[in-house]
Amino acid sequence: MKGRLLIFFAVVVAIFSCKHKSDFKTLPGSIQVKLIDDKGAPKAKVGDHLKLNLAYYTDADSLLYSSTKKNKNGIEVPVMKPQFNGDLMEGFTCLGTGDSAVFRISVDSFFKHGNMPAFFKPGQFMKVTAKCMNHYSSSEYKLKLRADSLKQISKDDSLIQDYISKKHY
C-alpha cells in the first residue's frame, strides 16, 4: 500500500513539474517567458518605455535583486532592440500595462560579456519576474518627460521663492 502511494505521488509530482516547464514559451532569441497576468493591453515595441518592478532570482528561487528595494513605484526602462540571445529586451515586448511575467534566461547568454558569479554554473538559468505598471509609446513618454519637467520647475520655483522670502532678499 505504501509503495503504491509513493508511486502515485511520484507520478503526480512528475506530471505537475512537466506542466510547469511547458508553461514557458521560448521566444526566437532563446529567452523563455510565462505570462502570469495578461490584461490584454497593447504590448511594448522597440522605442517604447515601460515602468516595471523587476526581481532577479536564481533558478532555485534565491533573490538576487529587487527593484522595489530602491523604488517601490517602479523603474522606467526603455525597450531597445535585443543585443544578444536571451536579452530581456525581447521579453519586455510581451508586456503591456498591468501585465506580469516570469522570464527564464540562460546564465551563459546573460553573462556572456561579463563575469558569471561563482554560484551560477554553465547551463543553468536564472529567473526574472516583471510587473508592468505602465507602458508608454515613444511620443507618450516624451510628453510625460515634459510634464515631469514642468512639475519639477514649478516645485523648484516655489522653493526658491520661499527661500528668498525667508531670507528677505
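Here is a short report on the structure shown in this document. (Residues numbered from 1 in each chain as written. Predicted model: local features only at pLDDT ≥ 70, side-chain atom pairs only at ≥ 80, totals over all residues. Heavy atoms only, no water.)

## Section: the nonpolar core
Using the following cut-off: The criterion is simple. A nonpolar core is a set of buried Ala, Val, Leu, Ile, Met, Phe, Trp, Tyr and Cys residues joined through side-chain atoms within 4.5 Å. Exposure categories follow from relative accessible area, calculated using a 1.4 Å probe and restricted to protein chains: below 20% of the type maximum is buried, above 50% is exposed, and the middle band is partly exposed. Going along the chain from the N terminus, every DSSP run of H or I of four or more residues is numbered as a helix, and every run of E of two or more is numbered as a strand. The contact criterion used is simple: two residues touch if any of their non-hydrogen atoms lie within 4.5 Å.
Core analysis: the biggest nonpolar cluster contains 25 residues, and Leu 50, Leu 52, Leu 88, Phe 92, Leu 95 and Phe 103 have the highest contact counts within it. Within the residue set of this core, elements represented by two or more residues are strand 3 (49–58), helix 2 (88–92), strand 6 (100–106) and strand 7 (125–136). Apart from residues no more than four positions distant in its own chain, Leu 50 is found in contact with Ala 44, Ile 75, Glu 76, Val 77, Val 79, Phe 92, Leu 95, Cys 132, Asn 134 and His 135.

## A look at the pattern of salt bridges
What counts, and what does not: Here, a salt bridge means any side-chain nitrogen of Lys or Arg that lies within 4 Å of a carboxyl oxygen of Asp or Glu.
For the structure on display, the rule yields six salt bridges. Across the pair Asp 37 and Lys 39 runs a salt bridge whose closest N-O atoms are separated by 3.2 Å. Lys 45 is the partner of Asp 48 in a salt bridge, and the nearest nitrogen-oxygen pair spans 3.9 Å. Taking the relative accessible area as the measure of exposure, Lys 45 reaches 53% and is therefore exposed. Salt bridges sharing common partners tie together Asp 38, Lys 43 and Asp 99.

## Details of the packing of aromatic side chains
Note the following rule: Each aromatic pair joins two rings of Phe, Tyr and Trp (for Trp, the six-membered one) with centres within 6.5 Å, and gets the label stacked for planes under 30 degrees apart, edge-to-face for over 60, and tilted for any other angle. For a ring to carry a charge above it, either NZ of a lysine or CZ of an arginine must fall within 6 Å of the ring centroid while also lying within 35 degrees of the normal to the ring plane.
The tally for this structure, following the rule as stated, stands at six aromatic pairs. Considering the side-chain rings of Phe 110 and Phe 111, the 5.0 Å spacing of their centres and the 85 degrees angle between planes classify their relative orientation as edge-to-face. The class of Phe 111 is buried, set by a relative accessible area of 17%. Between the aromatic rings of Phe 111 and Phe 120, the centroid separation amounts to 5.8 Å while the plane-to-plane angle is 40 degrees, which identifies the pairing as tilted. Here Phe 111 matches Phe 120 in class, with each residue buried. Chaining the aromatic ring pairs together yields one cluster made of Tyr 56, Tyr 65, Phe 110, Phe 111, Phe 119 and Phe 120. Here the basic side chain of Arg 104 rests over the ring of Phe 24, its NZ or CZ set 5.9 Å away from the ring centre. Its guanidinium or amino end placed over the ring of Phe 125, Arg 104 lies 4.2 Å from that ring's centre, counting from NZ or CZ.

Functional significance is not addressed by these values, which are geometric in nature.
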